[in-house]
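Descriptive structure summary
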Amino acid sequence: HPGLKKWVEVGNSGVFRPELLLPMGLPENVSVIAWGLSLERPTMIKYGIKNIRELMGHRVNLQMVYDSPMCRLDV
């Protein structure tokens, strides 16, 4: 990324750790993979958000959601 002067991961993937799967009732010998587009990272760059918890979760600034041109709450 030219503005950040570093590489930014956009598409990510991984394997779930066993301790996350056991509470879901999955046996220990099961492997689960996950992947996604990771659109939160480009969104954080566009809006200058430094901490992902300010974009997702209980710390979200709802005024940013109302003011953002990409969000339509009147539908």
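- In the annotation of an unreviewed UniProt entry, the entry for the protein chain reads SYFA ligase, and the organism field reads Aegithalos caudatus.

**Observations regarding the overall build of the protein chain**
- Across its full length, the protein chain holds three helices and two strands.
- Order of helices (α) and strands (β) in the protein chain, N terminus to C terminus: β-α-β-α-α.
- Since a compact globule built from 75 residues should have a radius of gyration of about 11 Å, the 17 Å found for the protein chain marks it as more spread out than a globular shape.
- Seen through its C-alpha atoms, the protein chain measures out along the principal axes to roughly 45 × 35 × 20 Å.

**Section: the packing of aromatic side chains**
- Evaluated as defined, the whole model comprises zero aromatic pairs.
- For the cation-ring pair, Lys-46 lies above Tyr-47, with the distance from its terminal atom to the ring centre recorded as 5.6 Å.

**Things to note about the UniProt feature "domain: Phenylalanyl-tRNA synthetase" (unreviewed entry) in the protein chain**
- UniProt records the feature "domain: Phenylalanyl-tRNA synthetase" (unreviewed entry) for residues 4–61 in the present numbering.
- End C-alpha to end C-alpha, residues 4–61 measures 23 Å, and it is 21% helix and 14% strand.

**Examining the pattern of salt bridges**
- A complete count under the given rule lists one salt bridge for this structure.
- Arg-17 is the partner of Glu-19 in a salt bridge, and the nearest nitrogen-oxygen pair spans 2.4 Å.
- Residue class for Glu-19 comes out partly exposed when judged on its relative accessible area of 42%.

**Concerning the side chain of Asn-51**
- Structurally, Asn-51 is set in the loop between helix H2 (40–47) and helix H3 (62–67).
- Within the structure, the side chain of Asn-51 is placed 2.9 Å from the backbone nitrogen of Arg-53, a separation counted as a polar contact.
- If near-sequence neighbours (up to four positions away) are discounted, Asn-51 is found in contact with Met-44 and Arg-59.

**Details of unusual backbone geometry**
- For Lys-5, which is not a glycine, the phi torsion comes out positive at approximately 60°.
- Mapped onto the elements of the fold, Lys-5 is located in the segment before strand S1 (12–15).
- Classification of Lys-5 by relative accessible area gives exposed; the value is 73%.

**Thoughts on the environment of Ile-33**
- With respect to the helices, strands and loops of the structure, Ile-33 is situated in strand S2 (residues 33–36).
- What makes Ile-33 exposed here is its relative accessible area of 55%.
- As for Ile-33 and Leu-55, which are separated by 22 residues in sequence, their C-alpha atoms are 24 Å apart.
- With residues up to four places along the chain from it excluded, the contact list for Ile-33 reads Gly-14, Val-15 and Phe-16.

Quick notes on the rules
- Residues numbered from 1 in each chain as written.
- Predicted model: local features only at pLDDT ≥ 70, side-chain atom pairs only at ≥ 80, totals over all residues.
- Heavy atoms only, no water.
- Helix = DSSP H or I, 4+ residues; strand = E, 2+ residues; numbered from the N terminus.
- Rg over C-alpha atoms; globule rule 2.2 N^0.38 Å.
- Phe/Tyr/Trp six-rings, centres within 6.5 Å; stacked < 30°, edge-to-face > 60°.
- Lys NZ or Arg CZ within 6 Å of the ring centre and 35° of its normal.
- UniProt positions renumbered as here; feature names shortened; annotations may be inferred.
- Salt bridge = Lys/Arg side-chain N within 4 Å of Asp/Glu carboxyl O.
- Buried < 20%, exposed > 50% of the residue type's maximum accessible area, 1.4 Å probe, protein only.
- Polar contact = N/O pair within 3.5 Å; in protein donor to acceptor, adjacent residues only side chain to side chain.
- Contact = heavy atoms within 4.5 Å.

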